[in-house]
Structure formats: structure tokens, C-alpha cells
Amino acid sequence: NETEKQTLEHQLNRRTKNISNALSLSYTEPIQMSRSAFQFMYDTDGNTILDAYNNIMQVGHCHPRVVEAGQRTMARLNTNTRYVYEELLSYSEKLLSKFPSQLNKVFFVNSGSAASDLAMRMAKTHTNKKKVMVLEHGYHGNTQNGIDISHYKYNHKGGKGKMEHILQTPMPKVYGCGFESESEASAHYSDITKKQIADEEGNIAAFIAEPIVGCGGQVPLAQNYLKEVYPKIRAQGGICISDEVQVGFGRLGSHFWGYEMYNVVPDMVILGKPMGNGHPIGAVVTTSEIAESFDNGMEFFSSFGGNPVSCGIGEAVLDVIEEDRLQAHAFEVGSYLKDELSALKERYKAIGDVRGSGLFLGVEIIRPNGSPDTALAQTIKNSLRENYILISTDGPYDNVLKIKPPLYFNLTNSAELINQLKIILDKTIKIDNFKQNKKK
Ligand code: PMP
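Computed from a predicted structure; not experimentally measured. (Residues numbered from 1 in each chain as written. Predicted model: local features only at pLDDT ≥ 70, side-chain atom pairs only at ≥ 80, totals over all residues.)

Points about the domain arrangement of the protein
How big an interface is tends to be expressed through the accessible area that disappears when the partners come together. Taken domain by domain, the protein holds domain 1 (2-62 + 325-439) and domain 2 (64-323). Between domain 1 and domain 2, the C-alpha centre-to-centre distance is 26 Å. Taken together, the elements giving at least two residues each to the side of domain 1 that touches domain 2 come down to α11 (326-347), β13 (351-357), β14 (360-365) and β17 (400-403). A per-element tally of the side of domain 1 that touches domain 2 places α11 first, with five residues. (Domains from an automatic or database assignment. Helix = DSSP H or I, 4+ residues; strand = E, 2+ residues; numbered from the N terminus.)

In C-alpha cells form, the structure reads like this:
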């Protein structure tokens, strides 16, 4: 109700009273949100905001088919996996049909964090080993287990450092690595990882990696890296896990799952975010061998994981991706956007790299000497927000623009984003030149 609209200051005061500051707010000027639809959000002043950042709303904010599925199932039956009901059967069949035949068991939970936590438990149970190999700058979840395996958390502000059972290996980032070709970079990084694996003498339960490292700054893994590393992990008795929480469900355009980009098949996949288009659902998908080891007498039960409402919503998300051909759309729009961003890179020295796939892109912002330009990345993000376009920033230096919109994001929206980026960069660079001339 607009007449009862409270000022931002008033709402922020109420927020600080009950909500900890450990929870962050986006943008210098936080946004009071009111509604959302497809790739748009609307603030309480009625402004339309283009969402180029929210990769949870995979098939668009409040997609009517997903909303309808939630309403319909919730009004009919909500229960848990201790009963037999169609939604669980139908959704698990549809979801597993998206995977190769060896990935044929699914465990439903309520978040990406719960999925990665369960993945760790299953890997340790199956292998009888304790160590976990992780990529630097990776993020896998907010539980204790999640933090333990997330270099992005344990190695940053507030983190308590690496636990003894964790092995961290460099993120195989091609940009800025000093090698001429991707294959050289790939060989360099995989050699380091392989040496670490050999040194562990068979103690590694699992290797976990995101196919494009989101919190690392949208970093695709050097092309042959996983193909080199997976066999070594398996040879010493461990399993390979792909964290598809950010990149999965067709966003990459060229592939439905991130691991497919690298011609490997993991032993376990973790899913979350886009799976329920905002409804809290996550999953672990794995092989029957690993699932069998886990069936060791201890029941696995989740009060909400796999309930009919979540399954109904998850199935609607898959149906919309398929019927609206959103993967092909992500390919088309993402290719256009990446080309346009690459053209900006030729025009502005501040853009060091444009990377990613489909509608999962990263733009690395640098100073003239090539070092990260965190301040400029923040200026760009906040200026776009002032112009009603949402993007995010991430990476170890928070200097990478993150673009991962709902998949309804279209060519017109992309052109608008590019146009605003140009205006902001022109303005910022002019101001910089002015400052430099003044100094002279
Ligand atoms: N893995 C990755 C790659 C993620 O990006 C996230 C969430 N940012 C998670 C796991 C955890 O998911 P959730 O926030 O649903 O617990």
C-alpha cells in the first residue's frame, strides 16, 4: 500500500533492530522492493528495475506457471518422503533424465548448502576417507561443512583459516596467469593439483569444484583441467563432485550442466538456487554405488526435502525451461551480450577480461597497470543501480562485474545494459582524465 509506504531510513532502523549486520545489503543506496516479474523488479516508488543479476529466478521472477504449480500442489497435499505420492516420482524421473545414465539417484534437500553438506557426508561414507580437495576462491555453502570447504569463506574476513583435512588447490584461471595459451595454463594448473593428489597417498575422499567459479569472479576452469584431475582423484579412491548450484539448468546456453563444458562426468552433482526458481529446494544427484554405500542402516530423512510442493515447483521449472526453449535463448542472448562486452573491452582499457558462457558472464575491471580496480567496479555497479539496472561484483578483489540474469533477459535488455555501461565508463573516464589534467 503506497500510502503506508515507510521511508528507507525507517525500514533500515526496523531491520537493524532484529536482523544482524552479518547479513549484507546490496548497493550504496539499498532498494526497497515491492514486486517482480520475469526479468524485472519494481521498487516501492514504482520504478521498473532491470535485473541482470538474479540467477535464482532462473525462469523469471514470479513465472506464472511456477507460481500456479506451487499454489496447486500446496492446496492439495503437502507431506514428506515417508509416503508415496506422484510429485516425487514424476519430478525425480524428469530431473534424472537430464543426467547421463550413471547419475541415477537423487536426494532432495532445501538449499545448496544442505546439498553440499550432504555431499560431503556421502563422499566420506562411500570412500572411508577424510580429506577434501577444494579450489581456491570456491564457495559451497553456509553450514559448518560448507564453510570448511569454501576457501572464499574460511580464507577471508571472519574466517578461521583452512582445516587440516582440507586441501586447497589453485583456481585454474586462464586470464592473467602469464601463459600464452589455455592449454599451457591448463597443464600448469593440473600439474600442481596432480602433484598435491600424489602427495596425499590415497587419503582424498572428494574433489569439489564449480565449473565456472562464481565467487572467484565468474572464472571458467582452464579447458583440460578437470579431464586431467578427475582420473587422478578416482585412481586414489576418491569421488569427483560438480557444484552446479550457480551454473546449472541451462544458463550456460551451450550446455545444460557446467561439467559438460569440460567433457567429464562427475560422480556427484549438487544443485540449488535455480532449481526451484526461488522456492527453497536443493539436491544431490549421484551414482547407485555411492547411494548404496550411504544406505548403511542410518536413515536419511529431510522434513521438507522432496515434499510434493517443492517437487511440483521443481518440475514446473524444468517444463518452462524446455517449453520456452530457455537454454537456446540463453545461448543466443548470452552470445550477443558477450560479443558486445568484448567490443567494450576493445574500447575501454579498464576492461581486462570478458568471460563466461550463456547468461553467466564476468567482466574483470582493472587499472592501467593491469591490477584489480575494485573502486571502479563498485562505481559501475552502483551507477547502474542508480539507472535501474542490477548487476553484482565478486572475485577475490571484488573487481569482477557479475552478470547472470533470469533467462528471460533478452536482446533489448542486453543492449540497454551495454548502453548504460558505455555511458558510465565514458563519464568515469572523463572525470579521471580531468583529475589527472588538474594534477599536471
Ligand atoms: N554452492 C554455490 C556454488 C553457491 O553459489 C551457493 C550459494 N551462493 C551455494 C552452494 C549454497 O547455496 P544456498 O545459498 O542455497 O545454501
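Continuing now.
As for unusual backbone geometry
Look at Asn-263: it is not a glycine, yet its phi comes out positive at around 55°. Assignment of secondary structure puts Asn-263 in the loop between β10 (239-243) and β11 (268-271). Owing to 10 C-beta atoms within 10 Å, Asn-263 belongs among the exposed residues under this scheme. The phi dihedral of Tyr-388 is positive, around 65°, even though this residue is not glycine. With respect to the secondary-structure elements, Tyr-388 resides in the loop between α12 (374-386) and β15 (389-390). Judged by C-beta crowding, with 18 C-beta atoms within 10 Å, Tyr-388 ranks as partly exposed. (Buried ≥ 20, exposed ≤ 12 C-beta atoms within 10 Å, placed from the backbone.)

Let's talk about the pairing of strand β1 (residues 33-37)
Here β1 pairs with strand β2 (residues 40-43) via four bridges, running antiparallel. Considered in β2, the bridge of Arg-35 is made with Tyr-42. Hairpin connection of β1 to β2: two residues between the antiparallel strands, including Phe-38 at a positive phi of 50°. (Pairing = 2+ DSSP bridges.)

Quick word on the site of the ligand
Ser-111, Gly-112, Ser-113, Val-245 and Gly-272 are the nearest of the 16 residues found near the ligand. No other element matches helix α4 (residues 112-127), which puts three residues into the shell around the ligand. For the shell around the ligand, the residue count by class is two nonpolar, 11 polar and three charged. (Near = placed C-beta within 6 Å. Nonpolar A, V, L, I, M, F, W, Y, C, P; charged D, E, K, R; others polar.)

Considering the nonpolar core
Across soluble globular proteins, nonpolar side chains show a tendency to be buried alongside one another. Ala-119, Ala-206, Phe-207, Ile-241, Ala-283 and Val-284 are the most contacted members of the largest nonpolar core, which totals 108 residues. Two domains each put at least three residues into this core: domain 1 (2-62 + 325-439) and domain 2 (64-323). Once you skip the residues sitting within four places of it in the chain, Ala-119 turns out to touch Ile-241, Met-268, Ile-270 and Val-284. (Core = buried A, V, L, I, M, F, W, Y, C linked by C-beta atoms within 7 Å. Contact = placed C-beta atoms within 7 Å.)

Observations regarding the sheet that holds β2
Spatial ordering of the open sheet is given by β1-β2-β3-β15, a layout of four strands whose pairing is mixed. Lying at the two open borders of the sheet, with one neighbouring strand each, are β1 and β15. Relative to β15, strand β3 (residues 48-51) is paired through two bridges, and the arrangement is parallel. Residue pairing for β15: Asp-51 is matched across the bridge by Leu-390.

Focus on the environment of Thr-16
Of note, Thr-16 is situated in helix α1 (residues 8-18). Thr-16 sits 280 residues away from Asn-296 along the chain, and the two C-alpha atoms are 46 Å apart.

Re the packing of helix α2 (residues 64-76) against helix α10 (residues 308-323)
Direction vectors running N to C along α2 and α10 enclose 155°, while the axes themselves pass 8 Å from each other. The orientation of α2 with respect to α10, classified from their angle, is roughly antiparallel. As for how α2 packs across α10, the hand of that crossing is right-handed. Only Pro-308, Val-309, Gly-312, Ile-313, Ala-316, Val-317, Asp-319 and Val-320 of α10 make contact with α2, whose side of the interface consists of Arg-65, Val-66, Ala-69, Gly-70, Arg-72, Thr-73 and Met-74. Partitioning the contact of α2 with α10 into residue classes produces nine nonpolar, three polar and three charged. (Axes fitted to C-alpha atoms, helices over the stretch in contact; angles between N-to-C directions. Parallel < 35°, antiparallel > 145°, perpendicular 65-115°, else oblique. Left-handed = near helix turned anticlockwise from the far one by under 90°.)

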